[in-house]
Amino acid sequence: MSERFLLCRPEGGFNDMLCQIELCWRYAEAHDRTLIVDSAATVFGDAFANYFKPVAGQKAELRLSPERLQQFNAASVFPESLQGRMDTYSKIWSEHAWGFVDATSHEPLSFDNNRDYAQTVLLHHQHGGGTVSLDALRRLRLQPELAQYIRRRIAGLGADYDAIHVRHTDYVTDIGHFFGTLVGKLAGRRVLVCSDNVEVIRLARQTFKRAQIMTVSEVPDLGGHPIHLHAQASGIPAFDLNRDMLTDLFALAASAHLYVSRVADGPGGRLPYQQLSGFSFLAMALNRRRRLLRRLLSEA
């Protein structure tokens, strides 16, 4: 193979995934590599190509085909310890490396982005958030059938609605305080509520008695565990979970007024209720960028 590749396996929540994809895309462009995104091998559990397609001119493939995988196993790779086992290695978390490493060699599952490499295939299998997720979205469009589904769900909410997003699983929200600040603002309004915790939806219906509470997706009851880490074990199809997640994201972004909770990194976190979750950041950023939102949802 004369062509060189970067195989990106992005982990974490959706904002993390987009950030990892964008960082890989930038490196691939700078070093004349074709980006291959293999989200089926991550907690996303499905090919990215089932949801998105690259805009014209982008040098990327959003699924790893069996033929590509066979090529990669026969090619030179970095990390070199993965030679011939791109489909069989296991990742473990390393506090020392602060990232995923190969369970056998303990090499980090990535590369130095300040270097060029002679190897045909580079692997990046990591997580990590930030704000470059928006740049990844500028390179993408939703698949037409999915865009149509999401537009239909948003249309069902009506032309004028507000929205709330609450993260309350691995990151936690002071829900009583947050909802208390919104009761007066949302009286008489139609309000979309999205959360990773089904109890939040129930509490919203109890709290906002003078608002019409709406949802656009089914939130699985996972006992307070994060959806992106535990839902697959419940037997819910990955496509259904991911479609609902994306429907929530775009419906939040399309709202007239969007309210998102500040979170702590679990009970007793060092900076309680100061952070935005990655998903909240992404929804707010799209809410403020209507042109990008419309482009993503278009069928063109």
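Note: the structure precedes this text.
This write-up is about the structure you can find in this document. In this text, all values refer to a predicted model and were calculated from it rather than measured experimentally.

**Let's talk about the overall build of the protein chain**
Piece 1. Regarding its fold elements, the protein chain presents 11 helices and 13 strands.
Piece 2. Taken against the 2.2 N^0.38 rule, which gives 19 Å for 300 residues, the C-alpha radius of gyration of the protein chain at 20 Å falls within 12% of a compact globule.
Piece 3. Each principal axis of the C-alpha atoms in the protein chain carries an extent, and together these give about 65 × 45 × 35 Å.
Piece 4. For the protein chain, with 300 residues in total, the buried portion stands at 53%.
Piece 5. The long-range share in the protein chain, meaning contacts at least 24 apart out of those at least 6 apart in sequence, stands at 72%.
Piece 6. Surface accessibility of the protein chain: about 13800 Å² in total, with carbon and sulfur atoms responsible for 49%.
Piece 7. For the protein chain, the distance from the average position of its 34 positive side-chain charges to the average position of its 32 negative side-chain charges is 9 Å.

**Some thoughts on the pairing of strand β6 (residues 91-94)**
Piece 1. Pairing geometry for β6 and strand β7 (residues 99-102), over four bridges, is antiparallel. Counted as the bridge partner of W93 is F100 from β7.

**A short note on the packing of aromatic side chains**
Geometry of an aromatic ring pair is reported as the spacing of the ring centres plus the angle between the planes.
Piece 1. Counted under the stated rule, the structure contains 14 aromatic pairs.
Piece 2. Seen from their ring centres, Y27 and F111 are 4.7 Å apart, and the 55° between their planes marks the pair as tilted. Placement of Y27 in helix α1 (residues 14-30) and of F111 in the loop between β7 and β8 (121-124) is noted, with a sequence separation of 84 residues between them. When sorted by exposure, Y27 lands in the same class as F111, which is buried.
Piece 3. With centroids separated by 6.0 Å and ring planes inclined at 35°, the aromatic side chains of F178 and F179 adopt a geometry described as tilted.
Piece 4. Among the residues examined, F179 registers a relative accessible area of 2% and is labelled buried.
Piece 5. Each residue in the set F14, F44, F48, Y51, F52 and F239 is aromatic and connected to the rest through ring pairs, giving one cluster.
Piece 6. A cation over an aromatic ring shows up here: K91 above the ring of F100, its NZ or CZ 5.1 Å from the ring centre.
Piece 7. Sitting over the face of the ring of Y149, R243 holds its NZ or CZ atom 4.8 Å from the ring centroid.

**Description of the pattern of salt bridges**
In a structure, side chains of opposite charge can pair up when their charged atoms sit close to one another.
Piece 1. Under the criterion given, the structure shown has 17 salt bridges.
Piece 2. Between E11 and K91 there is a salt bridge; the shortest N-O distance is 3.5 Å. Note that E11 is positioned in the loop between β1 (5-8) and α1 and K91 in strand β6, a separation of 80 residues in sequence.
Piece 3. Here E11 falls in the buried class, since its relative accessible area comes to 2%.
Piece 4. Under the relative-accessibility criterion, K91 is labelled partly exposed at 32%.
Piece 5. The salt bridge partner of R139 is E29, with a shortest N-O separation of 2.7 Å. On the criterion of sequence distance, the pair formed by R139 in the loop between α3 (133-138) and β9 (140-142) and E29 in helix α1 is long-range, its members being 110 residues apart.

**Considering the sheet that holds strand β2 (residues 34-37)**
Strand pairing in a sheet relies on backbone hydrogen bonds, with the paired strands running either antiparallel or parallel.
Piece 1. Read across the sheet, five strands follow the order β4-β2-β1-β8-β5 without closing on themselves; strand pairing throughout is parallel. Both edges of this open sheet fall to β4 (60-61) and β5 (77-78), since each of them pairs with a single strand only.
Piece 2. With four bridges connecting them, β1 and β2 associate as parallel partners. Paired with F5 across the two strands is T34, which belongs to β2.
Piece 3. Its contacts with the sheet put α1 on β1, β2, β4 and β8, and the angle it makes with β1 is roughly 175°.
Piece 4. Along the sheet, helix α2 (residues 66-74) contacts β1, β2, β4, β5 and β8; its crossing angle with β1, the most-contacted strand, is approximately 115°.

Definitions and limits used
- Residues numbered from 1 in each chain as written.
- Predicted model: local features only at pLDDT ≥ 70, side-chain atom pairs only at ≥ 80, totals over all residues.
- Heavy atoms only, no water.
- Helix = DSSP H or I, 4+ residues; strand = E, 2+ residues; numbered from the N terminus.
- Rg over C-alpha atoms; globule rule 2.2 N^0.38 Å.
- Buried < 20%, exposed > 50% of the residue type's maximum accessible area, 1.4 Å probe, protein only.
- Contact = heavy atoms within 4.5 Å.
- Areas by Shrake-Rupley, 256 points an atom, 1.4 Å probe, with all protein chains shown as cover.
- Lys, Arg positive; Asp, Glu negative; His and termini not counted.
- Charge placed at Lys NZ, Arg CZ, Asp CG, Glu CD.
- Pairing = 2+ DSSP bridges.
- Phe/Tyr/Trp six-rings, centres within 6.5 Å; stacked < 30°, edge-to-face > 60°.
- Lys NZ or Arg CZ within 6 Å of the ring centre and 35° of its normal.
- Salt bridge = Lys/Arg side-chain N within 4 Å of Asp/Glu carboxyl O.
- Axes fitted to C-alpha atoms, helices over the stretch in contact; angles between N-to-C directions.

Shape descriptors only; they carry no functional weight alone.
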